[in-house]
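# Coordinate analysis (summary)
Residues per chain are reported as follows:
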Amino acid sequence: MDIISLIFILILTIIGVAGLFVHNRCMKICSLVLLALVFSYICSIRPLSSADTSTYAYYYREASSIDQLNYGFGRDYFPWIENWFINLCVWTNNIGITYQQFLFFVAFIFNIISSYSIYEIYKSRYSENGSIHYLIIIVIQFFVNYGFLYSYVVIRGGLSFAFCLLAYSMLLKRKKLPAILAMVAAIALHNYSVIFLCIWIISLFRFKKSHIKFFTTIFVILLVMNIFRIDVLFTNMLQRIPALFTGNLLQISHYLLDAEQTTSLKKGILLYLIQNIYLCSLYYKNDTPEITNDFVILLIGSFLAVLINDNAVIRVTNYFFVFQIMLYGKYISGLRASMEDQRTFIMTKKCFVHSIIIILVIPTVTFVYMLRYCSII
């Protein structure tokens, strides 16, 4: 990228971020779209040497020779990629879209659908008057929810993830048919999206009280297990069970056959667990039962992350990061509402520190981790 293009992108980014501060709904939405366009452009110009890019390019080129589409679930075209993603590649090939344009298109669709869905989920669950602090939610959505990873590297999983969020937002609105269709699209694009059905099931439960002390204890135990790499031992045990790798189960368990048996500490999982413990500290004195559902969801993601030693399976836990966003957003919105009720612009020292951590520290640390994960720095 030349210096002129870099300066132009920087200016557009500043304009987009500044627009999020304007107290006008239309302006904020336009600013969000502008940021999505800039972000998608950055994702589309990545070199072929970056993670998974050359592999996706290969399948995109191969898709141009397919003359009969397969609409079944599974991997009938190629052993690595689901039919519906290849169908998407075929359609875009047929209308003359280049691979770079395809990357831009996928990144833009992911950013728009996931941003909209997160807004709708938050509004349905935590916003009584339908308002939302756009800046906080969008920043966290991009950095904490691994938006950069999904747009830059795991584009197939990114599309699937976006449709999962859309399905969940529709489910909260009691729009069952659109929710089912979105979930079907998610699973068709990437089969491990089926894990999101667990989140659907948990959302049906209504807990009568909070259990923050219990969650805090479990998250601390899981953090210790992660540090001592219990996942290596547990995955080795699973690989010795022949029944897991036969018949229909192989569609799910085949990831374990390629388990990356590394013994180094997995920083992404450590970051996820630390944030779960931090969220427990934010809500330690909160006795609202509505947050219990979110902590149960985070707990399931934590067990998967700590017990399974495989990169593909670990990426499944990214589906649970979005609920950290909801809890961060709820805390910030609650703090803001409390200040408005008290008609003061002054917050306590403790709340100020938490706000800085949520708005600046966590997004910065996560973004640096993502840049390293994507081999950019």
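Residues numbered from 1 in each chain as written. Predicted model: local features only at pLDDT ≥ 70, side-chain atom pairs only at ≥ 80, totals over all residues. Heavy atoms only, no water.

## A few points about the packing of helix H8 (residues 155–172) against helix H9 (residues 176–189)
If you want to describe how two helices pack, look at the angle between their axes and the distance between the axes. For clarity, the threshold we go by: Axis lines are fitted to C-alpha atoms, over the contacting stretch for helices. Their N-to-C directions set the angle, which ranges from 0 to 180 degrees. Put simply, DSSP marks the helices as runs of H or I at least four residues long and the strands as runs of E at least two long, and each gets a number from the N terminus on. An angle counts as roughly parallel when it lies under 35 degrees, as roughly antiparallel when it exceeds 145, as roughly perpendicular when it falls between 65 and 115, and as oblique in every other case. In a left-handed crossing the near helix is turned counterclockwise from the far helix by less than a right angle, and in a right-handed crossing that turn is clockwise. It only takes one pair of heavy atoms within 4.5 Å for two residues to be counted as in contact. Three categories are distinguished: nonpolar for Ala, Val, Leu, Ile, Met, Phe, Trp, Tyr, Cys and Pro, charged for Asp, Glu, Lys and Arg, and polar for the others, with Gly belonging to the last.
Their axes nearest at 8 Å, the elements H8 and H9 cross at an angle of 165°. Relative to H9, H8 is oriented roughly antiparallel. H8 and H9 meet at a crossing whose hand is left-handed. Residues Arg156, Leu159, Ser160, Phe163, Cys164, Leu166, Ala167, Met170 and Leu171 of H8 pack against Pro178, Ala179, Ala182, Met183, Ala185, Ala186 and Leu189 of H9. Here the residues of the contact of H8 with H9 are counted per class, giving 14 nonpolar, 1 polar and 1 charged.

## Observations concerning the nonpolar core
Selection rule: Throughout, nonpolar core names a set of buried Ala, Val, Leu, Ile, Met, Phe, Trp, Tyr and Cys residues whose side chains join them through atoms within 4.5 Å. Here the term buried applies to any residue with accessible area under 20% of the maximum for its type, exposed to any over 50%, and partly exposed to those in between, with areas from a 1.4 Å probe on protein chains only.
Counting residues in hydrophobic clusters, the biggest one holds 75 residues, and the most contacted among them are Phe196, Tyr283, Phe295 and Tyr319. Setting aside residues up to four positions removed in sequence, Phe295 forms contacts with Ile212, Phe215, Phe219, Asn276, Leu279, Cys280, Tyr283 and Leu327. Within the second largest apolar cluster, 21 residues are counted, among which are Ile81, Phe85, Phe102 and Ile155.

## Here's the deal with a nonpolar patch on the surface
Which entries qualify depends on this criterion: Put simply, a patch holds well-exposed residues, over 30% relative accessible area, that have no salt bridge, with like charges counted together within 9 Å and Val, Leu, Ile, Met, Phe, Trp or Tyr side chains within 5 Å. For the accessible areas, the method is Shrake-Rupley and the probe is 1.4 Å, while residue cover comes only from the protein chains on display. One speaks of a salt bridge when a side-chain nitrogen belonging to Lys or Arg is within 4 Å of a carboxyl oxygen belonging to Asp or Glu.
Side chains of Phe352, Val353, Ile356, Ile359, Leu360, Val361 and Val365 sit close together on the surface and give an oily, nonpolar patch of about 560 Å² of accessible area. With respect to the element layout, Phe352 can be found in helix H18 (residues 349–373).

## Some thoughts on unusual backbone geometry
Negative phi is the rule for most residues except glycine; trans is the rule for most peptide bonds. In this structure, Arg174 is a non-glycine residue whose phi angle is positive, near 65°. On the secondary structure map, Arg174 appears in the loop between H8 and H9. The backbone phi angle of Arg229 is positive, close to 55°, even though this residue is not glycine. For Arg229, a relative accessible area of 8% puts it in the buried group.

## Concerning the pattern of salt bridges
All chains considered together, the criterion is met by 4 salt bridges. Note that Arg75 is salt-bridged to Glu82, the shortest N-O span being 3.1 Å. You'll find Arg75 and Glu82 in the same group, each marked buried. The salt bridge partner of Arg229 is Asp231, with a shortest N-O separation of 2.8 Å. A cluster of three or more residues bridged by salt bridges with shared partners is formed by Arg75, Glu82 and Arg156.

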